[in-house]
2 protein chains.
Amino acid sequence: MQHFFEKHEATLNKAIDACKKRYAWTAYVESPSSKIHGKDIPAAGKHTFEQLLGKDYDLQQPGEIGRVGEEISPYTRQPLGVSYPKVDVEQLYSAIGVAMPSWRDASVETRTGVCLEILDRCSQQLFENAHATMHTAGQSYIMAFAGSGANALDRGLEALAYAYQAMKDVPQSAEWERAFGGDGNAKLTKHYKLMPRGVSVAICCATFPLWNGYPALIASLATGNPVVFKPHPNTVLPVALAVSICREVLSEAGFDPNLVTMVADTRDEPATMALLEHPSTAIIDFTGSPRFGQWIESHCRKAQVYTETAGCNSVVIESTDNLPAMCKAIAHSLCQASAQMCTSVQNIHIPANGIVAAGEQVSFDQLADALVHAVDQHLADPKMATFLCGTLVSDDIYQNIDRAREAGKVRGKILRDSAPYNAEDYPDARTATPLMLEVTQAESDLYRAEHFGPISFLIKGDSAEHCLHAATTDARECGAITSHVYSVNEQFLDAAQDAYNLAGASVACNLMGMPINFAAAYSDYHVTGLNPAGNACLADLAFVANRFRIVQRKVMCS
Amino acid sequence: MQHFFEKHEATLNKAIDACKKRYAWTAYVESPSSKIHGKDIPAAGKHTFEQLLGKDYDLQQPGEIGRVGEEISPYTRQPLGVSYPKVDVEQLYSAIGVAMPSWRDASVETRTGVCLEILDRCSQQLFENAHATMHTAGQSYIMAFAGSGANALDRGLEALAYAYQAMKDVPQSAEWERAFGGDGNAKLTKHYKLMPRGVSVAICCATFPLWNGYPALIASLATGNPVVFKPHPNTVLPVALAVSICREVLSEAGFDPNLVTMVADTRDEPATMALLEHPSTAIIDFTGSPRFGQWIESHCRKAQVYTETAGCNSVVIESTDNLPAMCKAIAHSLCQASAQMCTSVQNIHIPANGIVAAGEQVSFDQLADALVHAVDQHLADPKMATFLCGTLVSDDIYQNIDRAREAGKVRGKILRDSAPYNAEDYPDARTATPLMLEVTQAESDLYRAEHFGPISFLIKGDSAEHCLHAATTDARECGAITSHVYSVNEQFLDAAQDAYNLAGASVACNLMGMPINFAAAYSDYHVTGLNPAGNACLADLAFVANRFRIVQRKVMCS
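Residues numbered from 1 in each chain as written. Chains lettered and ligands numbered in written order. Predicted model: local features only at pLDDT ≥ 70, side-chain atom pairs only at ≥ 80, totals over all residues.

Caption draft 1: Quick look at the overall build of chain A. When helices and strands are counted, chain A shows 19 helices and 20 strands. Here the C-alpha atoms of chain A give a radius of gyration of 25 Å, agreeing with the 24 Å that 2.2 N^0.38 yields for 558 residues. With respect to the principal axes defined by its C-alpha atoms, chain A has extents near 85 × 65 × 45 Å. Sorting the 558 residues of chain A into buried and exposed places 61% on the buried side. Expressed as a percentage of contacts within chain A between residues at least 6 apart in sequence, the contacts between residues at least 24 apart total 76%. (Helix = DSSP H or I, 4+ residues; strand = E, 2+ residues; numbered from the N terminus. Rg over C-alpha atoms; globule rule 2.2 N^0.38 Å. Buried ≥ 20, exposed ≤ 12 C-beta atoms within 10 Å, placed from the backbone. Contact = placed C-beta atoms within 7 Å.)

Caption draft 2: Region of interest: the nonpolar core. Membership of the largest hydrophobic core comes to 392 residues, with the highest contact counts inside it found for Leu160, Ala163 and Phe543 of chain A together with Leu160, Ala163 and Phe543 of chain B. Those residues in contact with Leu160 of chain B that lie beyond four places of it in its chain are Leu12, Thr112, Cys115, Leu116, Ile218 and Ala222 of chain B. (Core = buried A, V, L, I, M, F, W, Y, C linked by C-beta atoms within 7 Å.)

Caption draft 3: Quick peek at the relation of the copies chain B and chain A. For the pair chain B and chain A, the superposition axis carries a translation of 0.0 Å, the fit reaches an RMSD of 0.0 Å, and the rotation angle comes to 180°. Put plainly, the chains are arranged around a two-fold axis. Minimal C-alpha distance to the rotation axis in chain B is attained by Ala542 of chain B, lying at 3.3 Å. When the interface residues of chain B are mapped onto chain A, 100% of them again fall at the interface, so both copies present the same face. (Least-squares fit on C-alpha atoms with pLDDT ≥ 70 in both.)

Caption draft 4: Quick look at the domain arrangement of chain A. Residues and elements named next belong to chain A. Domain assignment breaks chain A into domain 1 (2-56 + 80-309 + 536-556) and domain 2 (314-509). Taking only C-alpha atoms, the centre of domain 1 and the centre of domain 2 are 33 Å apart. Opposite the 13 residues of domain 1 that make contact, domain 2 presents 15 residues. A breakdown of the residues in the side of domain 1 that touches domain 2 according to their chemical character gives six nonpolar, six polar and one charged. (Domains from an automatic or database assignment. Nonpolar A, V, L, I, M, F, W, Y, C, P; charged D, E, K, R; others polar.)

Caption draft 5: Spatial organisation of helix H15 (residues 396-411) of chain A. Residues and elements named next belong to chain A. With 16 residues, H15 ought to run about 22 Å at 1.5 Å a step, and its terminal C-alpha atoms sit 22 Å apart, in line with that. Turning to H15, its buried residues number three or more, namely Ile397, Asn400, Ile401, Ala404 and Gly408. Down the axis of H15, the sector holding all buried residues measures 95°, keeping them to one side. Those residues of H15 that are exposed and aimed more than 90 degrees away from the buried face are Gln399, Asp402, Arg403, Glu406, Lys409 and Val410. Among the structural elements, strand E15 (413-416), strand E16 (435-440) and strand E17 (455-461) are those in contact with the buried residues of H15. (Expected span 1.5 Å × (residues − 1). Arc of directions from axis to C-beta.)

Caption draft 6: Here's a closer look at the interface of chain B and chain A. Between chain B and chain A, the residue contacts involve 59 residues of the former and 59 residues of the latter. Of all the secondary structure elements, the ones that give two or more residues to the side of chain B that touches chain A are helix H1 (2-21), strand E3 (173-179), strand E4 (185-196), helix H11 (290-299), helix H18 (490-502), strand E19 (507-509), helix H19 (541-545) and strand E20 (548-556) of chain B. Among the elements that make up the side of chain B that touches chain A, the one with the highest residue count is E20 of chain B (eight residues). Tallied by class, residues from the side of chain B that touches chain A come to 29 nonpolar, 13 polar and 17 charged. Two strands pair when backbone bridges link them, and strand E20 (residues 548-556) of chain A and E19 of chain B are joined in this way by three bridges, in the parallel orientation. Bridge pairing in E19 of chain B links Val555 of chain A to Cys509 of chain B. (Pairing = 2+ DSSP bridges.)

Caption draft 7: Representation of the pairing of strand E12 (residues 347-351) of chain A. All names here are of chain A. Among the five residues that make up E12, five are buried, leaving the element largely enclosed by the rest of the structure. Burial along E12 is two-sided: the face carrying Asn347, His349 and Pro351 and the face carrying Ile348 and Ile350 are both buried. Examined bridge by bridge, strand E10 (residues 314-317) and E12 share three bridges and lie parallel to one another. Note on E12: the bridge partner recorded for Val315 is Ile348. When E12 meets E17, the two strands line up parallel, connected through five bridges. Each bridged residue has a counterpart across the sheet, and for Asn347 the counterpart in E17 is Phe457.

Caption draft 8: Just the sheet that holds strand E7 (residues 260-262) of chain B, in detail. Residues and elements named next belong to chain B. Spatially, the five strands line up as an open sheet ordered E7-E6-E5-E8-E9, and their pairing is parallel. In the strand order of this sheet, the two ends are held by E7 and strand E9 (304-308), each with one partner. The sheet shows a mean angle of 15° between the axes of neighbouring strands, direction not considered. Where strand E6 (residues 227-230) meets E7, three bridges bridge the pair, whose relative direction is parallel. Within E7, the position partnered with Phe229 by the bridge is Met262. Against the sheet, helix H9 (residues 237-252) touches E6 and E7, its axis set at about 150° to E7. (Axes fitted to C-alpha atoms, helices over the stretch in contact; angles between N-to-C directions.)

Caption draft 9: Fine view of the sheet that holds strand E14 (residues 360-362) of chain B. Residues and elements named next belong to chain B. Judged by pairing direction, the sheet is mixed, and its three strands sit side by side in the order E11-E13-E14 without closing on themselves. Edge positions in the sheet fall to strand E11 (319-320) and E14, since each has one partner strand and no second. Two strands pair when backbone bridges link them, and strand E13 (residues 355-357) and E14 are joined in this way by three bridges, in the antiparallel orientation. Within E14, the residue paired with Val356 across the bridge is Gln361.

Caption draft 10: Quick look at helix H12 (residues 323-335) of chain A. Residue and element names in this part refer to chain A. Spanning 13 residues, H12 covers 18 Å between terminal C-alpha atoms, matching the ideal 18 Å at 1.5 Å per step. Most of H12 is tucked away, with 11 of its 13 residues classed as buried. One or two positions beyond H12, positive phi appears at Ala337, with a value near 50°.

Caption draft 11: Seen up close, the packing of H12 of chain A against helix H13 (residues 364-379) of chain A. Residue and element names in this part refer to chain A. It is at 8 Å that the axes of H12 and H13 come closest, and there the two elements cross at 65°. Crossing of H12 over H13 shows right-handed handedness. Across the interface between the two elements, Leu323, Cys327, Lys328, Ile330, Ala331, His332, Leu334 and Cys335 of H12 pack against Ala370, Leu371, Ala374, Val375, His378 and Leu379 of H13. Counted by class, the contact of H12 with H13 contains 11 nonpolar, two polar and one charged residues. (Left-handed = near helix turned anticlockwise from the far one by under 90°.)

Caption draft 12: Structural context of the packing of helix H6 (residues 126-137) of chain B against helix H7 (residues 141-168) of chain B. All names here are of chain B. One way to put it is that H6 packs onto H7 with a least axis distance of 8 Å and a crossing angle of 110°. As judged from the angle between their axes, H6 and H7 are roughly perpendicular. Classified by chirality, the crossing of H7 by H6 is right-handed. Residues Leu126, Asn129, Ala130, Thr133, Met134 and Ala137 of H6 form the contact with H7, whose own contacting residues are Tyr141, Ala144, Phe145, Ser148, Gly149 and Ala150. (Parallel < 35°, antiparallel > 145°, perpendicular 65-115°, else oblique.)

Caption draft 13: Expanded view of the environment of Pro85 of chain A. Residue and element names in this part refer to chain A. If you trace the backbone, Pro85 turns up in strand E2 (residues 84-87). Along the chain, Pro85 and Tyr522 lie 437 residues apart, while their C-alpha atoms are 35 Å from each other. Those residues within four positions of Pro85 in sequence are excluded, and the remaining contacts are Leu59, Gln61, Glu64, Arg67 and Ala264.

Caption draft 14: A look at unusual backbone geometry. Residues and elements named next belong to chain A. Omega for the peptide link from Leu538 to Ala539 comes to 5°, which places this bond in the cis form. Assignment of secondary structure puts Ala539 in the loop between strand E19 (507-509) and helix H19 (541-545). The backbone of Ala358 shows a phi angle near 50°, a positive value even though the residue is not glycine. Tracing the backbone through its elements, the reader meets Ala358 in the loop between strand E13 (355-357) and strand E14 (360-362). Accessibility expressed as a C-beta count within 10 Å gives 12 for Ala358, which makes it exposed. One non-glycine residue with positive phi stands out, namely Tyr522, at about 70°. The residue Tyr522 is located in the loop between E19 and H19 in this model. A residue is classified by how many C-beta atoms lie within 10 Å of it, and Tyr522, with 26 of them, is buried.

Caption draft 15: Examining the environment of Ala159 of chain A more closely. Residue and element names in this part refer to chain A. Here Ala159 lies in helix H7 (residues 141-168). On a C-alpha basis, the gap between Ala159 and Tyr75 in space is 33 Å, while along the polypeptide they are 84 residues apart. For Ala159, the contacting residues outside a window of four places in its chain are Pro215, Ile218, Ala219, Leu538, Ala539, Phe543 and Val544.

Right, here's the structure in full:
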């Protein structure tokens, strides 16, 4: 529908401008505060969420052959009791095949308009989706509304800005005329048509299902491809809510809602391989473990594959002019969302002989103490701790913590042990405070893998240069999504930035007074694609330009 | 060197405009005529070529461990006697590694300027390169100067226009500022750096070595990647000449010439796998057989792979208003470059009950006769035949013709047999006129593969619709780079265009009075990437956007 495009055209243009200049901007309201929204809207969102519990989720998809659903709230430890269609993939793909042609043949503006409307309606759904995200992914309410909500929607819009530009780079037609030898002028009218690649499968992770979900959806849908979501069995509801919006908007715009569908599954009976290996699957967006991501990159050769996995995000501390602020910033990353974010810090590299902070020598042990203290400070107020840490997405995280604790005891020492904290309002919540371990670089086999959850290593290096060398080697070889350096030494800072960049990693320097995990849509190129933590950037031109192809027809003018 | 960019900036801007609007344009002189160039320049080019014969080619590359060279002129059947470095790949890659950093760190304008200068100097080298192309690839002088020369250089410039735009889409820096909660404003200065992927290997084919060679070279080099050419053992000299220019311009601009190198090999001791499997190889551009192309697509997962291979290009004839002009146009494709072009027609689908031409019923046999006659007409004048057909790239083509002739005898009939023709000035030239076979659709296993060389099939279908169905099915399943339809029936023409496009193939309608094999840089999207004849389009944004990645550094402002 052209009117959706016109309705949101200013937003699209602003997003394009923001991508070009990369300033701070958001299209969606980031705060759930009732000061902004009033009391009714937040309450209505909560009510809508609660009405979904214990029921069949209303998703009328073809090929339904049963119902599945095994979500358990990390806050209450109670099953949500929501069931979703279990679908026969062949029947679903048949229906998708029927849906494709009219979407393929729609204009760029029509498809872009539908995508803009989807994003807009998803932004109006953020309250209920935040509650759904809390009680599946385990995020805090604020994180679920902002990070998994508005910030993720911004990334969807960012992907749309690129997709729109890449498509508009192809003109619809051209007149072409030239002479060949003595035959007179040859005149051709040419038409160029954008062709989608085929079915696009978006595999979402448990902790931040829509973080890459919105960009994958929008990048593929805008360029003409139907999208099949495969949510993690732990975290289906936030995805289902977004899928419902897509289907509603598509229907209103006169398209087949089966252009966006969802295949829910269970841990015991996963559906992922059936989707990955389906001959009609032409695009795969994957967010999840490095191991599975690399398997997909290696094996799914018939499809365009875009991955964001994980690495071992590092901090190198060489010096600082503000020890408390630096420690507070790093500690924030160790606590935020219980370090279950793709941008959470895991490995903190510190010279054995300590650092200079605001002109004073600070020993390794003093710095370690300061970091532990800063974590404790973040946790001091139960309400703030709940907002900051949220809960653990699954019991597996406890096992990760236990394994790391045991390894830490043997191979280093425990600087701060992990324990549950009392989440406000949710006495049964699955929680854990940060486990902080001290090790030397000799234990690199331990810390060079991702330890998912609130687990961090303070790694003693012989010197700041050794720290930097280890951290950047790890980024190159094991992957990194974010990397940090703290230094007031310009020479070291330059060397560190070069070293991280040459390792294929982006780097942030001296971040304080802000959540250092924050990745800004329109401004930060999230994931470089140059190290093992992912093969794509969300978003840049490369993320969208190969999701469609161009066919042409040329006709000789008589 | 910034001055190269300034020197050629107007040309770049014109290329960008031509890509956006896709009108007819060329940056390079297409005709070798002495009316344009005078007599001295063409003569000097020929002399330069002749001076190269029987000698070691002067290419000072690291890792030289011997000399190889087995080129034989298809015109004289005599060895060229030119030898090229046989290189140790490890030593070469080490030297390339040394060359990379300064090129990586050069500005977009500097790299683009060097590429523009390379293209410009290659355009001044077209006379000697045309002779080199004649006496290796076997092309006619005119084709070697235009198709393999100016037209191919245009495609290099087209790739550069896209690469430049994709790189300039990324700003160099940004100021970013926003508030998080009550902590005051966070201000970051961000820098974005383009990072090349690594060594780019360009595997060239024997018949048109630089057709995709220039675009691959320029797309990778402009985006910061060193390029290693792997020419076909039959056709090294045209590539060596281009490599020499690259090295000369790079040196003049203050860069390491090892940013562009060449690995020559022999049929008995091929070097391709060592390049494909080298861990530093990050990009592969392949032109050649579908079988090897698909192997590379499936197996070289660590690299970005761009292929142009081959399919079975088709014509569907439903009706025409100008039988002689149509037959002349199709026959031209069967003759041009002895049908060794990626755009040559192989399969001509004709309804069993014939067609209507300018209101008159024309039977299948009459149309077949007219096509045979049109071929004979193109060959009537030996001078024109030589210009049009050139020679055969290797003796293998005779075997292809023999095999097709035998199959045709058994499974259909020979409408026109192939035989050598007398190439003007070259009594020993390896030549063959078109073999034209009549078969029915029952022989689809025969004609659904590429028969490389002057071999074509007139395929009898039950109806025009059957012809179209067979041709488009073959395009989808077996690949197609060009497809043609002749019809004066608007309804059929629309259906045909839709059918080809939906098969992932581009289509040309009613082309006459021009060489129908012609693919226009800046206007035609050459290769769709949607059928087995290649996975990439040369050129579009997708051809360039993933040859580099983006790393960033952000620093908190104090």
